[in-house]
Amino acid sequence: MRIGELSQRTGVSPRSLRYYEDQGLLTSSRSDAGQRHYSDAAVQRVSLIRQLFDAGMSSRVIATVLPCVDIPGDLDAAEETFTAMLRERDRIDADIAHLIETRDALDVLIRANSRHRAELSAAPQSGAQST
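Residues numbered from 1 in each chain as written. Predicted model: local features only at pLDDT ≥ 70, side-chain atom pairs only at ≥ 80, totals over all residues. Heavy atoms only, no water.

## Digging into the overall build of the chain
Thinking step 1. Regarding its fold elements, the chain presents five helices and two strands.
Thinking step 2. In sequence order, the chain lays out its α and β elements as α-α-β-β-α-α-α.
Thinking step 3. Taking 2.2 N^0.38 as the reference for a compact globule, 131 residues should give roughly 14 Å; the C-alpha atoms of the chain span a radius of gyration of 26 Å, well beyond that estimate.
Thinking step 4. Over its C-alpha atoms, taken along the principal directions, the chain stretches across nearly 85 × 40 × 20 Å.
Thinking step 5. The buried share of the chain, taken over its 131 residues, is 22%.
Thinking step 6. Expressed as a percentage of contacts within the chain between residues at least 6 apart in sequence, the contacts between residues at least 24 apart total 47%. (Helix = DSSP H or I, 4+ residues; strand = E, 2+ residues; numbered from the N terminus. Rg over C-alpha atoms; globule rule 2.2 N^0.38 Å. Buried < 20%, exposed > 50% of the residue type's maximum accessible area, 1.4 Å probe, protein only. Contact = heavy atoms within 4.5 Å.)

## Topic: the side chain of glutamate 88
Thinking step 1. Checked against the element boundaries, glutamate 88 lands in helix H5 (residues 75-122).
Thinking step 2. On the accessibility criterion, glutamate 88 (8% relative accessible area) is buried.
Thinking step 3. Of the polar contacts made by the side chain of glutamate 88, one reaches the side chain of arginine 91; its length is 2.9 Å.
Thinking step 4. Each residue touching glutamate 88, except ones within four places of it in the same chain, is listed here: Gly56, Met57 and Val61. (Polar contact = N/O pair within 3.5 Å; in protein donor to acceptor, adjacent residues only side chain to side chain.)

## Quick look at the side chain of serine 59
Thinking step 1. Inspection of the secondary structure puts serine 59 in helix H4 (residues 59-70).
Thinking step 2. A distance of 3.0 Å separates polar atoms of two side chains, one belonging to serine 59 and the other to tyrosine 19.
Thinking step 3. In this structure, serine 59 is in contact with Tyr19, Gln23, Leu25 and Phe53, ignoring residues within four places of it in sequence.

## Considerations on the nonpolar core
Thinking step 1. Counting 20 residues, the largest nonpolar core has Leu6, Leu17, Tyr20, Leu26, Tyr38 and Val46 as the members making the most contacts within it.
Thinking step 2. Those elements giving two or more residues to this core turn out to be helix H1 (3-10), helix H2 (14-22), helix H3 (41-54) and H4.
Thinking step 3. With residues up to four places along the chain from it excluded, the contact list for leucine 6 reads Met1, Leu17, Leu26, Tyr38, Ala42, Val43 and Val46. (Core = buried A, V, L, I, M, F, W, Y, C linked by side-chain atoms within 4.5 Å.)

Function cannot be read off these values alone, since they describe shape.
Here's what the structure looks like:
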C-alpha cells in the first residue's frame, strides 16, 4: 500500500509516517518512481509505534525497544530492550511523582483561595458611593 492508504488506515499523517521512517521505526520499499510502498504489517507496526509515543516514549527509545519485536529470539536485543523499558518505567514513575507533587501544591492553593473567597463573601459590602 502507498503512504496515503497507510495514513488513512492508521490515522497517522503522511508526514509522521515519513518521520517514522527517518527514525528507523518503519520501513518501506520504493517503486521505480520513488513512491513508498508498505506491507499490510505496517498497519500494526504504526499502531504499536503510536502506543509507544502515547506512553511518552521518544523515537530514540522506541528504536531501542522495537528490535525485541522484530527479532524476538535475539537475547542481546531482549536485554537491551529490557533495560530501556526499565528506564522508561522509572522515567514515568518520576513524572507521576512530579505530577502528584504539583497536584498537592495546587490543592493547597485551592484551599487558600476557597478560604479567601469565603472571607470576601462574608465581609460587609461597602455601600454605593454618593455623588
